[in-house]
Amino acid sequence: MARTEHPRFASWDGTRIACSVRGDLAGDRTCVFVNGLFGTDAYWVFLERDLAADHRLVTFDLRGHGGSDPPLEAAHVGVSDVARDVRALLDHVDIERAVLLGFSYGVQVALEAWRLFPERISGFVLIAGPAGDPLSAVYDLGIPPRVWRATAGNLARYLPRSTQAAWHAAFHLPIWHPLATLAHLTRAEPAHLKPFLDHQTRLHVPTALRMAMAAGEHSARDLLPSIRVPTLVVAGGRDTVTPLSHLEILRDGIPEAGWLLVPEGTHTLLVEDPERIGARVRAFLASVHEPLGGA
């Protein structure tokens, strides 16, 4: 797959963001992928393979993730801050309009981008993510929101180095894929989950925790009726991280939204059932009437 690595660029607040462009580099059919919290662009590997021949594919690392720096100002971890990174990315790679593909937390970012710069968006593919508060499934386990938010916030604020060291050390242990499988959090093969687990040993944990807390305070549900670009919503029937009901809110709230339910899909459905999802996303992109990257 053709690929161009871009030097890290200075986003709207000066934070250095890592990005790359793959696929049909000369074409104008552009897709921008927005990762989930704690994740990397490796999760898109199969979908990128399916789209690379006739789409320009742009990925970037979230703040404090992968090759991107933590924000220069610790407070710049909100969903709207990351959405502004998307706009800065479009400017950096000289793209006027694109389809945004968001996974998990990336759905919130993509929707917030519609609030801030709808004229730059040609369509949405919203995968396994809610319009707001991605931590609600944790609350369903009986942990009150105030307890979770206070604990994570205090770890990030008062014990950043110890929290990061403990997190990195824990993810060096070869236990996480078996545990996730036993808990029915994934059906993915170990090799497909390995990039995510490896990334946890390099993550800037305080930033990721702050981003998670900010995401818990965010909602884009008010925007759903206003979306007037083609939209496809993809849900996993066995996703316990983002339950099906959260995706149904998107499907029912966005006018004429398309829908793909993967009945056996968990939160890692993109690497569990890539053929079904890839075929549906390709068909959706073909149905987008205007050129996907055109002015």
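Residues numbered from 1 in each chain as written. Predicted model: local features only at pLDDT ≥ 70, side-chain atom pairs only at ≥ 80, totals over all residues. Heavy atoms only, no water.

Engineer: Describe the packing of aromatic side chains, listing the residues and the values that go with them.
Structural biologist: As enumerated under the stated definition, the model contains six aromatic pairs in all. Where phenylalanine 38 meets tryptophan 167, the ring centres are 5.4 Å apart and the plane angle is 15 degrees; that geometry is what we call stacked. Placement of the pair is phenylalanine 38 in the loop between strand E3 (30-34) and helix H1 (45-51) and tryptophan 167 in helix H6 (residues 160-170), with a sequence separation of 129 residues. Taking the relative accessible area as the measure of exposure, phenylalanine 38 reaches 17% and is therefore buried. On the numbers, 6.0 Å between centres and 65 degrees between planes, the contact of tryptophan 114 with phenylalanine 124 is edge-to-face. Of this pair, tryptophan 114 sits in helix H3 (residues 105-116) while phenylalanine 124 sits in strand E6 (residues 121-127), placing them ten residues apart in sequence. The class of phenylalanine 124 is buried, set by a relative accessible area of 0%. (Phe/Tyr/Trp six-rings, centres within 6.5 Å; stacked < 30°, edge-to-face > 60°. Helix = DSSP H or I, 4+ residues; strand = E, 2+ residues; numbered from the N terminus. Buried < 20%, exposed > 50% of the residue type's maximum accessible area, 1.4 Å probe, protein only.)

Engineer: Talk me through the nonpolar core; I want residue IDs and the actual numbers.
Structural biologist: In a soluble, globular protein the nonpolar side chains are often hidden away together inside. Membership of the largest hydrophobic core comes to 54 residues, with the highest contact counts inside it found for Tyr105, Leu111, Phe124 and Leu250. Leucine 111 has contacts with Phe124, Leu126, Ala131, Ala220, Leu223, Leu224, Ile227 and Leu250, leaving out every residue within four places of it along the chain. Counting residues in each nonpolar core, the second largest holds 28 residues, with Leu51, Ala52, Val234 and Val288 among its members. (Core = buried A, V, L, I, M, F, W, Y, C linked by side-chain atoms within 4.5 Å. Contact = heavy atoms within 4.5 Å.)

Engineer: So what about the pattern of salt bridges? Which residues, and what values?
Structural biologist: This structure, assessed with the given rule, holds 15 salt bridges. Linking arginine 187 and glutamate 272 is a salt bridge whose minimum nitrogen-to-oxygen distance equals 3.6 Å. Here arginine 187 is found in the loop between helix H7 (176-182) and helix H8 (190-199), whereas its partner glutamate 272 is found in helix H11 (residues 269-272), with 85 residues between them in sequence. Accessibility expressed as a relative area gives 15% for glutamate 272, which makes it buried. When salt bridges that share partners are traced, they join Asp13, Arg63 and Asp85 into one network. (Salt bridge = Lys/Arg side-chain N within 4 Å of Asp/Glu carboxyl O.)

Engineer: Pulling in residues and values, what's your account of the pairing of E3?
Structural biologist: In terms of burial, E3 is largely enclosed, as five of its five residues are buried. The sheet contact formed by E3 and strand E4 (residues 56-60) spans four bridges and is parallel. Paired with valine 32 across the two strands is valine 58, which belongs to E4. Between the parallel elements E3 and E4, the chain passes through H1 in a crossover that is right-handed. (Pairing = 2+ DSSP bridges. Right-handed = clockwise from strand over helix to strand, strands pointing away.)

Engineer: Before we move on, could you go through helix H9 (residues 205-216) and cite the residues and values that matter?
Structural biologist: Between its terminal C-alpha atoms H9 stretches 17 Å, which fits the 16 Å expected from twelve residues at 1.5 Å a residue. Within H9, the full set of buried residues consists of Val205, Pro206, Thr207, Ala208, Leu209, Met211, Ala212, Met213, Ala215 and Gly216. (Expected span 1.5 Å × (residues − 1).)

Engineer: Describe the pairing of strand E8 (residues 258-262), naming the residues involved and giving the relevant values.
Structural biologist: The side-chain alternation of E8 yields one buried face, formed by Gly258, Leu260 and Val262, and one unburied face, formed by Trp259 and Leu261. Relative to E8, strand E7 (residues 231-236) runs parallel, the two being bridged by five bridges. If you follow leucine 232 over to E8, its bridge partner there is glycine 258. This β-α-β element, E7 to helix H10 (residues 244-253) to E8, shows right-handed connectivity.

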